[in-house]
Structures are given as C-alpha cells and as structure tokens.
Amino acid sequence: MTNAATRFQRWILPGLAFKAAVIGGGYATGRELAEYFIPSGPQGGMLAILVAMACWSLVCALTFALAHATRSFDYRSFFEMLLGPFAFLFELAYGIFMVLILAVFGAAAGEIFSALLGWPTLAGTLLLMVTIGFFVTFGNDTVEALFKWVSVLLYGTYAAFLVLVLARFGDAAFTTLSVPQPTTGWLQGGLTYAGYNIVGAVIILPLARHFLSRRDAVVAGVLSGPLAMLPGLFFFLCMLAWYPQIGTVALPSDFILRQLNLPVFHVLFQLMIFSALLESGTAVVHACNERIARTFAGGDGAGLGKPARSMIAGVLLVGSIFIADRVGLVALIAQGYRGLAYMFLFLYILPLLTVGSWRLLQRAARRMAPTAHS
C-alpha cells in the first residue's frame, strides 16, 4: 500500500493501465472492432460494445477488491489464492496469451510502419519490441508514467479523430446507424471480446498497491470499463461511414485516415497507435517481470534488477517477433483470440464470480460480526 497515493493513482490510473493492457494492436488499429462488432451490424455492434464495457467494469471491480483484500499484487499470488493447486493452469494460459498478444502487437507495428513509411514489416516489429524492452527495464514508476502520458496522447488523438471524421463523413455514419440492420451475434461478440481482454485486470495488479480501501478498488474497477472502451466506441462510430466493406479491411485506421487525406494528422494518429501498442506490450511484459520478481527476488520484487528485467523481456519479445512476421495481424486475431476467451472464462472469470465473490462476502461478514454482537 502507498499511503501517499493520490485519488488519481487510486481511481483513475488503474483504468488507464487497464486501457493500456487491452487497447493493443487490434483495438487501436480497428481490426478487433471489425472482427467482433461489425458482423453484428451497426446497432448490434453498439450493443456488443456496451456489453463488453459492463463486463470489464464488473470483473475489474471484483478483481481489484479481491486483490486489495488478500494483498495479491501480481497475477501469481492472485491465482494461488483463487485457484489453489490449479494456479499453474492460469500460468500456462497466460504464457500462451503473452506470446500471442505480443505477436499481434508486433504485427500491427509492422503494418503501421509499412503503410506510413514503406518499411519492411519486420522493421516496425523490431522497433516496437526494442522500445518495450527499454521501458520494462526500469520497473513500476517508469511503467506507470508511460500509462499516464500515453493516455493523454491517446484520448486527445481519438477525440480529434472523432471530430474530423464526423465533420466530413458524419452523415453517412449516422445514416448507417439509423437504418435497422440484423443484430445477430451481438451478445456473443461482446462477451467474447470482453472475455479474452479481461485478463488485463490481472495484468495490472501491481497498481493495486495504491488502494487504501475496498472503496478505492471498486471505484477504480467500475471506471475501468468506460476508460478502456470509450475510444473504441468513438472509433466504431467513425467506421460506420464505410459499413459494411470496412469489416474486411486489414487496417481500418489507415483506411479511414486515407479518406480524410490529412497527412500531418495521419502521421500523428499512426504514432498514437504505436504508443498504444507500446503501453499494451509494456503492461504484458511488466506483469511477467513482477510475477518473477515476487517469486524469486523477495516479496516486494525489489531484488529483480534492470539486467534481469531486460533479459526476461528479450526472451519473450524475440519469440513473438517471428510469430508476428510469419502469421500476420488478421490471422492472429481471427484464429487465436476466441480460444483465449474460453480459457480465461474457465480459469479466471468463473472462479472469480464464484470463489472470489464468496471470499469477499466472508471477509465482509467477519468485519461486520463485532458490530452485530455489540
């Protein structure tokens, strides 16, 4: 616990960090939105986005409250408490998740710099991986500063993007939204999208050390859903101006920016996406560092030095580079994410909603017991 923690650190920063963990390659580029929301139509896609937002708020609030109550500030200690001897199953799932998600981020970075500068896709991937390795080397304070300042760039750029697109193509977007379309699959799409991304709540558990009370944990969790999903809602609304063909575009963000034909803003937006990839990848690798630190280097993780953090990051990132280069962004998202959603449903969401909720209720009952006898 950090006694000097501000309200920003306790209530807002966890939501910004959660946004950092989930926005990643597919969301920031629009590819995930096209994959999971566009097939349900304009109205169905909006409903699916709201479903995902509500799920994130609920699960983040429960996760943060349970982590605060049990002093579980990394995913290993959290799942040892939640799953007991079966915690290793989450470790296996998270290992698969790390490789897949870093490969997605690497593929997206490669696509961005290929579209922007004509670089080979591997060059953009390497640039992202080296930058992630730099930030995770310096630990919690540097990572939290990255979340904060990238969030300023991200929200500002998305707001400008919304204004620019709707000013020129708003009639087409709102016309599409107003015409009734089939909404088949909106609930499944929203739940699937929420399911594989919700692991972001345990990725950012090191920030739970800032909470001073259960109220802090719950408020931060409830705010995490809107903080993470509002940029996606804005982006989806802009995409509707080119519905349904935009659903098949590999990089929807680049497609829309080319329609705007504003070269300076195009570069700014692509740099914002790169920054989003950077903070997402940093969150994933930093969580792994913190898990190792608390296991092998003392309870507070202080004993894991910069060389060790850098080496762990390097091992994770190098393997992911080759997957990203061989498979590509669209195939990674379409083929890998649904499987992850089912794994996290059984290893995280169901235990949290049952065992985790029960333990929170038990603790609440014990706190109230002396009052009841008095």
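Before any of the text, the structure's been laid out above.
Worth saying up front: this structure is predicted, and the values here are computed from it rather than measured. (Residues numbered from 1 in each chain as written. Predicted model: local features only at pLDDT ≥ 70, side-chain atom pairs only at ≥ 80, totals over all residues. Heavy atoms only, no water.)

## Concerning the pattern of salt bridges
Stage number 1. Considering all chains together, one arrives at eight salt bridges under this definition.
Stage number 2. Between Asp216 and Arg10 there is a salt bridge whose closest N-O contact spans 2.9 Å. Highlighted residues: Asp216 in helix α10 (residues 214-239) and Arg10 in helix α1 (residues 7-29), separated in sequence by 206 residues. For the pair formed by Asp216 and Arg10, the shared burial category is buried. (Salt bridge = Lys/Arg side-chain N within 4 Å of Asp/Glu carboxyl O. Helix = DSSP H or I, 4+ residues; strand = E, 2+ residues; numbered from the N terminus. Buried < 20%, exposed > 50% of the residue type's maximum accessible area, 1.4 Å probe, protein only.)

## Quick look at helix α8 (residues 186-197)
Stage number 1. Over its 12 residues, α8 runs 17 Å from end to end, which matches the ideal 16 Å to within 8%, given 1.5 Å per residue.
Stage number 2. Gly189, Gly190, Thr192, Tyr193, Ala194, Gly195, Tyr196 and Asn197 are the residues of α8 that are buried. (Expected span 1.5 Å × (residues − 1).)

## Structural notes on the side chain of Thr192
Stage number 1. For Thr192, the position within the fold is in helix α8.
Stage number 2. Polar side-chain contacts of Thr192 include one of 2.7 Å to the backbone oxygen of Gln188.
Stage number 3. Every residue in contact with Thr192, bar those within four places of it in the chain, is listed here: Tyr36, Arg338 and Ala341. (Polar contact = N/O pair within 3.5 Å; in protein donor to acceptor, adjacent residues only side chain to side chain. Contact = heavy atoms within 4.5 Å.)

## With respect to the packing of aromatic side chains
Describing an aromatic ring pair means giving the distance of the ring centres and the angle of the ring planes.
Stage number 1. All told, the structure shown has 27 aromatic pairs when counted by the stated rule.
Stage number 2. Taking the centre distance of 5.3 Å and the plane angle of 85° together, the rings of Phe134 and Phe135 count as edge-to-face.
Stage number 3. Taking the relative accessible area as the measure of exposure, Phe134 reaches 48% and is therefore partly exposed.
Stage number 4. Every member of this aromatic cluster is reached through a ring pair, and the members are Tyr75, Phe78, Phe79, Phe90, Tyr94, Phe97, Phe344 and Tyr348. (Phe/Tyr/Trp six-rings, centres within 6.5 Å; stacked < 30°, edge-to-face > 60°.)

## What to know about the packing of helix α7 (residues 140-178) against α10
Stage number 1. In contact at an axis separation of 6 Å, α7 and α10 are set at 40° when each is read in the N-to-C sense. Classified by the interaxial angle, the pair formed by α7 and α10 is oblique. Crossing of α7 against α10: the hand is left-handed. Residues Leu154, Tyr155, Tyr158, Phe161, Leu162, Val165, Leu166, Ala173, Phe174 and Leu177 of α7 lie in contact with α10, whose contacting residues are Leu227, Pro231, Phe234, Phe235, Leu237 and Cys238.
Stage number 2. Of the residues in the contact of α7 with α10, the class split is 16 nonpolar, no polar and no charged. (Axes fitted to C-alpha atoms, helices over the stretch in contact; angles between N-to-C directions. Parallel < 35°, antiparallel > 145°, perpendicular 65-115°, else oblique. Left-handed = near helix turned anticlockwise from the far one by under 90°. Nonpolar A, V, L, I, M, F, W, Y, C, P; charged D, E, K, R; others polar.)

## Topic: the packing of helix α3 (residues 41-70) against helix α4 (residues 75-83)
Stage number 1. Running from N to C, α3 and α4 cross one another at 95°; their axes reach a closest spacing of 11 Å. As judged from the angle between their axes, α3 and α4 are roughly perpendicular. On α4, the residues that touch Thr63, Leu66, Ala67 and Thr70 of α3 are Phe78, Met81 and Leu82.
Stage number 2. Grouping the constituent residues of the contact of α3 with α4 by class yields five nonpolar, two polar and no charged.

## A word on a nonpolar patch on the surface
Stage number 1. A grouping of Phe86, Phe88, Leu89 and Leu92 is seen on the molecular surface, where their side chains present a nonpolar patch of about 410 Å² in accessible area.
Stage number 2. Examined against the element boundaries, Phe86 turns out to sit in the loop between α4 and α5 (87-117). (Patch = residues over 30% accessible without salt bridge, like charges linked within 9 Å, V, L, I, M, F, W, Y side chains within 5 Å. Areas by Shrake-Rupley, 256 points an atom, 1.4 Å probe, with all protein chains shown as cover.)

## Observations concerning the nonpolar core
Stage number 1. Judged by nonpolar contacts, the single largest core of 122 residues is most densely connected at Phe78, Phe79, Tyr94, Phe161, Ile203 and Tyr348.
Stage number 2. A per-element tally of this core places α5 first, with 15 residues.
Stage number 3. Sequence-distant contacts of Phe78, defined by excluding residues within four places in its chain, comprise Thr63, Leu66, Ala67, Ser72, Val202, Leu205, Tyr348 and Leu352. (Core = buried A, V, L, I, M, F, W, Y, C linked by side-chain atoms within 4.5 Å.)

## Section: the environment of Thr176
Stage number 1. You can see Thr176 is positioned in helix α7.
Stage number 2. Of the polar contacts made by the side chain of Thr176, one reaches the backbone oxygen of Ala172; its length is 2.9 Å.
Stage number 3. Engagement of the side chain of Thr176 in a polar contact is seen with the backbone oxygen of Leu240, the distance being 3.2 Å.

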